[in-house]
Amino acid sequence: MSKNIAIIGSGPAGIVAAISASLHSKLDCNIFLFESLKDVCKTILATGNGRCNFSNVVLDIDRFNNPHFVNEFRRFSDLGEDVVSILESFGLEWMVNDAGLMFPLSNKASSVRDVLVGQLGKSDVKVVADRQISFISELCDFDAVIIATGHRACADLLSGIKCFPMRRVLCPIKTRENVSVADNVRSRVNLKVIRTLKEANKSAVFCDSAQDKDFEQLVFEEDGEVQFRKYGISGIVTFNASRYVLSGDKLVLDFASPIVADDIKNHLQARYEKCSGDVDLFFKGFLHENLARLIKTRIKKQDSFEEVFNLVTSFELTVDEVFEDEKLSQVSRGGIDVNYVSPSTLEVMPLEKVVNHKIFACGEVLDIDGPCGGYNLTWCFESGWRAGKSSAQLV
């Protein structure tokens, strides 16, 4: 008796899942790839600013959320199931830049799509385009269903599956302060995200009423380039910070962090004294003139090196919100709770049995995301391969 496998979604994870299912299936298996759009795998064309940074030479698993799950997932990987081996088997030629980021040799995301679509065409997968699947029950005739819809997964489709709300990350951050004077200025910084929390005073048990005290928690820290925009900040380090920030968090920018000196404070103080305390001269040859203008709007005490030093090394902004617009963001956080997913097969364990077939999931629809630098596409490709292989072998 023939078996039927359905894959919902033809993004990077879904198309690889379909190919993998085809390669690992028995002869009497029918595989269908459902896509709500008219073309498959179009989303990959926008990745990496059209260049498709698909992985990283040094992939630090701890930078994923739920790293324990990713570690367990990789522990069950067989030879040839890494992202490079998968794409090479499809015919992709690739290169590594100076930062260790992997790109197609053509430097075009279209090359990755071409090999994926080409490999799909060689398989026996039946593509059903322009077909929206809103309920798992629509696929009751299938023995296995792979959910690969990414952040577009609707609540009805995931009904009965333990999920976290999805929110867009890897995106710009809107600040409460006006920074438009420095619009489009780029600067290397050390960026920290500080969160102020309240903790019940431990001595409150001896008091008539409990008092709260504030304390600060370092949520995120990374060196990188920030781009100032009229609404706030952007750039890769900002995108990475957006995975952690909440409204009201404090952003602390250190503009002096790239300076090579044994003692930054002494170095800047010598510079300040050489300029005879003239702040305009102090910033010339140091920071972009518009960035200097922004910093100078915060100076309250004239002829105060300490204030200038603090503003240069600890310039504070306040998070208003992150831009969750799909055009400005790159990936989603949230989705299917991985505590209800097998790391070896990516089979999903529903909270209640609503269908008779097996359910698998891969890619962005799972609560796995990473920073910029090829992390998220690596997860899409490798999890797609595993979900397709598992569906073919377990039905």
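Up top you'll find the structure we're talking about.
Below: a short report on this structure. (Residues numbered from 1 in each chain as written. Predicted model: local features only at pLDDT ≥ 70, side-chain atom pairs only at ≥ 80, totals over all residues. Heavy atoms only, no water.)

## Some thoughts on the overall build of the protein
Note the following rule: The helix count covers DSSP runs of H or I at least four residues long, the strand count covers runs of E at least two residues long, and both are numbered beginning at the N terminus. Relative accessible area decides the class of each residue, using a 1.4 Å probe on protein chains only: under 20% of the type maximum gives buried, over 50% gives exposed, and in between gives partly exposed. Note on contacts: a residue pair is in contact if any heavy atoms of the two residues lie within 4.5 Å.
On a plain count of helices and strands, the protein comes out with 10 helices and 16 strands. Seen through its C-alpha atoms, the protein measures out along the principal axes to roughly 85 × 65 × 35 Å. Here the protein holds 395 residues, and the buried ones make up 51% of them. Of the contacts made within the protein by residues no fewer than 6 positions apart, 78% connect residues no fewer than 24 positions apart.

## What about the pattern of salt bridges?
Between side chains of opposite charge, pairing is possible as soon as their charged atoms come close. Just so we agree on the cut-off: Salt bridges are defined by distance alone: a side-chain nitrogen of Lys or Arg within 4 Å of a carboxyl oxygen of Asp or Glu.
If you walk through the whole model with that rule in mind, you get 22 salt bridges. With its nearest N and O atoms 3.8 Å apart, the salt bridge here joins Lys250 to Glu316. Taken together, the positions of Lys250 in strand β13 (residues 250–254) and Glu316 in strand β14 (residues 315–322) put the pair 66 residues apart, joining distant regions of the chain. For Glu316, a relative accessible area of 37% corresponds to the partly exposed category. Within the structure, one salt-bridge network assembled from shared partners comprises Asp78, Glu81, Arg386 and Lys389.

## Remarks on the side chain of Thr149
Inspection of the secondary structure assignment puts Thr149 in the loop between β7 (144–147) and β8 (163–169). A relative accessible area of 17% places Thr149 in the buried class. If we ignore the near neighbours within four places in the chain, the residues touching Thr149 are Ile8, Leu157 and Val365.

## Some points on the nonpolar core
Just so we agree on the cut-off: Put simply, a nonpolar core is a bunch of buried Ala, Val, Leu, Ile, Met, Phe, Trp, Tyr and Cys residues held in one set by side-chain atoms that sit within 4.5 Å of each other.
If you look at the biggest cluster of nonpolar residues, it comprises 72 residues, and the most contacted ones within it are Ile7, Phe54, Phe90, Leu116, Ile147, Ile336 and Phe381. The greatest single-element share of this core, amounting to 8 residues, is contributed by helix α10 (residues 375–394). Beyond its immediate sequence surroundings of up to four residues, Leu116 is in contact with Ile15, Val16, Ile19, Cys41, Ile44, Leu87, Phe90 and Phe381. Listed in part, the 41 residues of the second largest apolar core include Ile173, Val185, Val226 and Val237.

## A word on the pairing of strand β2 (residues 29–34)
Stated formally: Here, strands pair whenever DSSP counts at least two bridges between them. Call a crossover right-handed when, viewed with both strands pointing away from you, the route from the first strand across the helix to the second goes clockwise.
Note that strand β1 (residues 3–8) and β2 share 6 bridges and pair parallel. Bridging from a neighbouring strand, Asn4 pairs with Asn30 of β2. As a crossover connection, the stretch from β1 through helix α1 (residues 12–24) into β2 is right-handed. Pairing analysis gives 3 bridges linking β2 to strand β6 (residues 126–128), with the strands arranged parallel. Paired with Phe32 across the strands is Lys126, a residue of β6.

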